[in-house]
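Architecture and fold: a report
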Amino acid sequence: MILQSRDVPPRAAFALEQAGVHPLLARLLAARGVRAADELDTHPSRLLRPDALRGAAEAGRLLADTVAGGGRICVVADYDCDGATACAVALRGLAMLGARREHLHYVVPDRAVHGYGLTPAIVELAREKRPDLLVTVDNGIASLEGVAHARSLGLAVLVTDHHLPAMDASGVVLPAADVIVNPNQPGCAFDSKALAGVGVVFYVLLAARAELRARGAFDAASQPRLESLLDLVALGTVADVVRLDANNRRLVGLGLARVRAGRMQPGVAALFAVARRAPERAASFDFGFALGPRINAAGRLADMTLGIECLLSDDPMRAAELAAQLDAINRERREVEAGMREAAEATVQRYGDSDTPPAVALFDPGFHEGVVGIVAGRLKDRLHRPTFAFACGADGTLKGSGRSIPGFHLRDALDLVAKRHPGLLLRFGGHAMAAGCTLAAGGFETFEQALRAVAGEWLDAATLERRLAVDGPLEPQWFDTKTVALLESQVWGQGFEAPVFCDEVQVVQQRLVGEKHTKLRLRHGGALRDAIWFGHAEPLPERLRLAYRLSLDEWNGQQRVQMVVEAAA
């Protein structure tokens, strides 16, 4: 592991500190590209305007026409947390804008039965709701056949998505929808290309509200308060691991503020309860590692309807029942994942430090289709290689999910594999860091070789070296509970990572706990500190350089600061 110190522009750090930002926080924010204190302002007025998002105004008019005309709307959701929150935001928001609840419906594909996106089969499922308008959330940009089928049936289609569009030999191909809203479609000048699916839906609702306001449906004082949906927007944004650019950080910050103030949907409150997390101290970590996985578990092992209904429920008791079911499914998911990880790690044991291929692909007939993405992510973290894991689909095809490393655009790699091996990939899509694909039965070996060939061409030795960006030493005066609270109050996440400090320490004591974790007593900055290194069981030398983050260790009502080790050098 190479520990690479972040560069701290001194002028930016000084400007932030002069503006009243805590000295430590000023240093950390400057290292992450913040140049002025006004960038930290999370007031809703600082959000990017909806009219900059291509198609949003047209979508607002289409929704306003449908609502005003009493039309029926069916939302086509996705089976992950982003899709579930986007569906809940769409349905709650449309009801707030005046749509009759009996005219609002949704369908969500079953991962194993229907696959991803607005397929013709999903159109037929949605057709049972007798809709006038289909609204896709977190999907649809590559659903060429599904959109065409819906239009042939006389249905209007609004695509809201954030994934990259499909491509053919001539370039980008868009579905023939009535309106498309996607910051990653050609010609869209929206500054936040990292907007999650739930963020796109939220912006479409803002545009619809503006259109209805212009038509006189309400005035600025009486207009629906769509900001009440920001807890859901924040949850989906963090859970989808999109880059937290300035606009996404504001969306998440606004959502966290509502949660900390106790102004959240009953389903969100219920998920905090089953996860045993304190809403008044909510952080983006809770969305990404406590609430998000419980919703995602429904789409992986059961039916995402459970997750959507939990987020839609206005009855706290009903929401608590659904959250308990999601919690139980997530425990089952962990057990399935543990078994799959053991099998996967046994497969990769054959790789030594010097002969690990530039990309890894795994297939096991016993793998569960809903959990392959998690396994790919775990192995990617361990091997620092782009990794795909495949399972058998119900239709006999191979369903794969991949995770990547910086410097390797996974979706573009799949596109190149598809061009070099026509017919190998039946479907594919995704982002730079995460993507999925479907292979014809018997196509795994060809895919494995093709992915390794692309990785061998695109990745050099420096990119394949494991690196961790660190924030330098932590001054002893900041090693206290107030500093931990200060850091936890900020919005951290993908592309705006939480602080990791780095110091020379002396190991005073070390012991194994739980058979695979190392509990440490360290001398750091002239004082004794408690530390723990999760998932590390090998003995440590007396002196070493540790990368760590701060956390609060609570026991018997007492709080103390603990170092959580991330790496050593």
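Right above here is the structure, for reference.
Since the structure is predicted, the reported quantities are computational estimates derived from the model, not experimental observations. (Residues numbered from 1 in each chain as written. Predicted model: local features only at pLDDT ≥ 70, side-chain atom pairs only at ≥ 80, totals over all residues. Heavy atoms only, no water.)

Some thoughts on the environment of Ala 156
- Along the chain, the position of Ala 156 falls in strand S5 (residues 156-160).
- On the basis of relative accessible area, Ala 156 is assigned to the buried category, the value being 18%.
- If we skip the residues at most four places from it in the chain, Ala 156 touches Asp 132, Leu 133, Leu 134 and Asp 178. (Helix = DSSP H or I, 4+ residues; strand = E, 2+ residues; numbered from the N terminus. Buried < 20%, exposed > 50% of the residue type's maximum accessible area, 1.4 Å probe, protein only. Contact = heavy atoms within 4.5 Å.)

Let's talk about the pairing of strand S15 (residues 501-513)
- In this sheet, strand S18 (residues 543-555) lies alongside S15 in antiparallel orientation, the contact comprising six bridges. Residue Val 505 lies in a different strand from S18, and its bridge partner there is Leu 544.
- As paired strands, S15 and strand S16 (residues 517-524) are joined by seven bridges and run antiparallel to one another. Residue pairing in the sheet places Leu 512 in a bridge with Thr 518 of S16.
- Where S15 folds back on S16, the antiparallel hairpin that results is connected by three residues, among which Gly 514 adopts a positive phi of roughly 60 degrees. (Pairing = 2+ DSSP bridges.)

Description of the nonpolar core
- Of all hydrophobic cores here, the largest spans 124 residues; its most connected members are Leu 63, Val 137, Leu 158, Phe 287, Ile 308 and Leu 550.
- Here this core takes 11 residues from helix H7 (residues 197-214), the largest share from any one element.
- With near-sequence residues (within four places) excluded, Phe 287 lies in contact with Asp 231, Ala 234, Leu 235, Val 238, Ala 239, Leu 256, Val 259, Phe 272, Gly 292 and Pro 293.
- Formed by 25 residues, the second largest nonpolar core is a distinct cluster that contains Leu 414, Ala 418, Cys 437 and Leu 451. (Core = buried A, V, L, I, M, F, W, Y, C linked by side-chain atoms within 4.5 Å.)

Details of the sheet that holds S18
- Read around the barrel, five strands follow the order S15-S16-S17-S19-S18 and close on themselves; strand pairing throughout is mixed. Between one strand axis and the next, the sheet turns through 45 degrees on average, direction left out of account.
- As defined by bridge partners, strand S17 (residues 527-533) adjoins strand S19 (residues 558-568) across three bridges and the pair is classed as parallel. Bridge pairing links Ile 532 to Val 564 in S19. (Axes fitted to C-alpha atoms, helices over the stretch in contact; angles between N-to-C directions.)

Section: the sheet that holds strand S2 (residues 73-76)
- Across the sheet, which stays open at both edges, the five strands sit in the order S3-S2-S4-S5-S8 with parallel pairing between neighbours. Edge positions in the sheet fall to strand S3 (104-107) and strand S8 (179-181), since each of these pairs with one other strand and no more. Sheet twist, expressed as the mean angle between neighbouring strand axes with direction ignored, is 20 degrees.
- One ladder, built from five bridges, connects strand S4 (residues 133-137) with S5; its direction is parallel. Each bridged residue has a counterpart across the sheet, and for Val 135 the counterpart in S5 is Leu 158.
- Along the sheet face, helix H3 (residues 56-68) touches S2, S4, S5 and S8 and points at about 125 degrees away from the line of S8.

Some remarks on the packing of helix H5 (residues 120-127) against helix H6 (residues 144-152)
- Taken N-terminus to C-terminus, the directions of H5 and H6 make an angle of 40 degrees; their axes are 8 Å apart at the nearest point. When the axes of H5 and H6 are compared, the crossing they make is right-handed. Touching Pro 120, Val 123 and Glu 124 of H5 are Glu 145, Gly 146, His 149 and Ala 150, all from H6. (Left-handed = near helix turned anticlockwise from the far one by under 90°.)

Some details on helix H10 (residues 266-274)
- Listing the buried residues of H10 in full gives Pro 266, Gly 267, Val 268, Ala 270, Leu 271 and Phe 272.
- Buried residues along H10 sit in contact with helix H4 (81-96), helix H8 (230-239), helix H9 (246-260), helix H11 (284-301), helix H12 (305-312) and helix H13 (316-348).
- With its phi angle positive at about 55 degrees, Arg 276 sits one or two positions after the end of H10.

So, empty space enclosed by the protein
- In total, this model carries three cavities of 30 Å³ or more according to the counting rule given.
- In this structure, the largest cavity encloses a volume near 50 Å³.
- If you trace the largest cavity, you find it lined by Leu 63, Ala 90, Leu 94, Val 135, Val 137, Leu 158, Thr 160, Val 201, Val 204 and Leu 205.
- A per-element tally of the lining of the largest cavity places H7 first, with three residues. (1 Å grid on protein atoms, 1.4 Å probe; cavity = no way out; pocket = protein on both sides within 12 Å on 5 of 7 lines; lining within 4 Å. Points joined across faces, edges and corners; volume = space filled by probe spheres on them.)

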